[in-house]
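Architecture at a glance
Take a look at the letters that make up each chain.
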Amino acid sequence: MIPYGRQSISAADVAAVTEVLQSDWLTQGPAVERFESCVAAYCGVPHAVAVNSATSALHIACLALGLGPGDTLWTSPNTFVASANCARYCGASVDFVDIDPRTYNMSVERLAEKLAQAAAAGKLPKVVIPVHFAGQSCDMAGIDALAKQYGFKVIEDASHAIGGRYRGEPVGNCRYSDLTVFSFHPVKIVTTAEGGMVLTRSAELNERLVRLRSHGITRDPSLMHGASQGPWYYEQIELGFNYRMTDLQAALGASQMTRLDEFVARRHELVRRYDDALRELPVTLPWQHPDSYSAFHLYVIKVPQRPGKGRREVFEALRARGILVNVHYIPVHTQPYYRELGFREGDFPQAEAYYAEAITLPLYYSLTYEEQDQVIKAVKEVVR
Ligand SMILES: *Cc1c(COP(=O)(O)O)cnc(C)c1O
């Protein structure tokens with residue numbers, strides 16, 4: 001069996017976690033601070049807040065930007081449900097912007113059109129979440145220009161994209177956004193088992209995120225409503241959560257970060273081999289925008305809809321050969337929960353057309369050439 005993605009855990013990773021297990025701190029402590037500094041330094045951004053998942057990261061990112069009831073958040077329909085659900089946690093509405101048929105990322109043209117309509121109707125979004133699908137950055141300069149024109153905030157969902165670059169700079173540096181979110185789920189580029197992080201250039205947003213991560217509690221006298229009652233004193237000044245990452249997870253993450261460039265370079269090597277081997281087949285290979293150096297979380301091919309030889313048949317035939325292909329993503333607006341909110345099939349035709357043909361092939365750091373050749377052979381047999 002060859003999975004579509006999996007983690008790579010080294011002896012150094014195990015040693016780093018073991019060391020924390022034998023230390024005084026298990027939950028959020030010095031290892032979390034080290035991990036945050038390490039990711040912040042890698043991305044070239046001053047602030048990073050580690051949390052227990054990217055889902056939590058998206059939630060507190062929305063809250064830090066003041067998203068609430070009466071507000072609207074826009075995201076891509078071609079994403080994991082978490083990119084949209086974060087708005088619902090805050091009591092806000094969700095809408096989607098259709099994708100670009102080449103990158104499968106949010107289309108900046110569709111975004112511009114939809115903003116012009118929304119401005120006319122007085123219904124502009126407060127927050128837009130572009131998702132760097134498969135590890136390839138969205139057109140962030142284009143989105144940033146629209147953010148300035150229409151006055152919305154931007155959270156990059158970079159769950160797929162740590163280690164990737166946009167216009168030569170690391171994804172996560174927040175040059176074109178207010179906040180960036182990473183996921184450290186085991187199928188992602190770097191793992192902490194479960195985990196996420198929010199990055200920002202804003203000291204103010206950072207302070208808010210830190211507080212929301214831990215119950216809305218502050219120990220900063222300047223933020224307290226009353227005088228300190230003693231050295232034990234703290235105040236809860238808003239409603240937060242327990243979204244803390246443990247030191248065990250952070251030690252794993254910091255250790256994994258030392259191999260991040262190697263992880264991404266290997267993914268690129270495997271992508272080149274797929275591209276070369278599959279070029280002649282009647283399938284669409286991933287297209288790369290020249291502005292982007294993808295982290296290549298996913299390698300997605302599109303299988304044209306042909307009777308008896310479409311995506312479903314190819315998917316099942318590959319699974320039968322022990323290749324655990326997957327599909328990313330079922331358009332979020334077609335999920336029953338979102339249909340209940342009024343969305344319909346046909347609302348975002350590019351995302352739906354993409355979904356009808358997409359298959360994710362195995363791609364991960366420890367995939368061997370022999371295993372990849374097995375995948376290639378199977379794809380050739382099944383698609384021809
Ligand atoms: C994985 C993923 C998430 C959620 O990440 P968790 O760490 O599992 O909460 C959010 N958005 C996208 C695009 C993802 O792929």
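Since this is a predicted model, take the numbers as computed values, not measurements. (Residues numbered from 1 in each chain as written. Predicted model: local features only at pLDDT ≥ 70, side-chain atom pairs only at ≥ 80, totals over all residues. Heavy atoms only, no water.)

A short note on the sheet that holds strand E9 (residues 196-200)
Strand order in this open sheet of seven strands is E1-E9-E8-E5-E4-E2-E3, and the pairing throughout is mixed. Each of the sheet's edge strands pairs with one partner strand only, and the pair in question is strand E1 (47-51) and strand E3 (93-96). Strand-to-strand twist of the sheet, defined as the mean angle between neighbouring strand axes without regard to direction, takes the value 20°. Of the pairings in the sheet, the one linking strand E4 (residues 127-129) to strand E5 (residues 153-157) comprises two bridges and is parallel in character. The partner of Val-127 across the bridge, within E5, is Lys-153. On the sheet, helix H4 (residues 82-89) packs against strand E2 (72-75), E3, E4 and E5 and is oriented at approximately 155° with respect to E3. Helix-sheet contacts for helix H7 (residues 203-213) involve E1, strand E8 (179-183) and E9, and the interaxial angle to E1 is about 15°. (Pairing = 2+ DSSP bridges. Helix = DSSP H or I, 4+ residues; strand = E, 2+ residues; numbered from the N terminus. Axes fitted to C-alpha atoms, helices over the stretch in contact; angles between N-to-C directions. Contact = heavy atoms within 4.5 Å.)

Description of the domain arrangement of the protein
For the protein, the assigned domains read domain 1 (2-257) and domain 2 (260-383). Taken over C-alpha atoms, the centre of domain 1 sits 25 Å from the centre of domain 2. Taken together, the 46 residues of domain 1 in the interface contact 50 residues of domain 2. Of the roughly 4,200 Å² buried between domain 1 and domain 2, counting both surfaces, carbon and sulfur atoms make up 61%. Counting only elements with at least two residues in the side of domain 1 that touches domain 2, the list comes to H4, E3, strand E6 (165-166) and helix H8 (247-257). (Domains from an automatic or database assignment. Buried area = accessible area lost by both parts, 1.4 Å probe.)

Thoughts on the sheet that holds E6
The strand order across the open sheet formed by three strands is E7-E6-E12, and the pairing between neighbours is antiparallel. Edge strands, defined here as strands with exactly one partner in the open sheet, are strand E7 (169-170) and strand E12 (292-293).

Quick word on the site of the ligand
Surrounding the ligand, one finds 15 residues, the nearest of these being Thr-55, Asp-157, His-160, Ser-183 and Lys-188. In the environment of the ligand, a nitrogen atom lies 2.8 Å from a nitrogen or oxygen atom belonging to the side chain of Asp-157. Residue His-160 places a side-chain N or O atom 2.7 Å away from an oxygen atom belonging to the ligand. A total of 380 Å² of accessible area belongs to the ligand in isolation, and the protein chains cover 93% of it. Counting atoms within 2 Å of the grid points, the majority share of the ligand lands in the largest pocket. Listed by contribution, the elements that provide at least two residues to the shell around the ligand are helix H3 (54-64) and H4. (Near = heavy atom within 4 Å. Polar contact = N/O pair within 3.5 Å; in protein donor to acceptor, adjacent residues only side chain to side chain. Areas by Shrake-Rupley, 256 points an atom, 1.4 Å probe, with all protein chains shown as cover. 1 Å grid on protein atoms, 1.4 Å probe; cavity = no way out; pocket = protein on both sides within 12 Å on 5 of 7 lines; lining within 4 Å. Sits in = over half its atoms within 2 Å of the grid points.)

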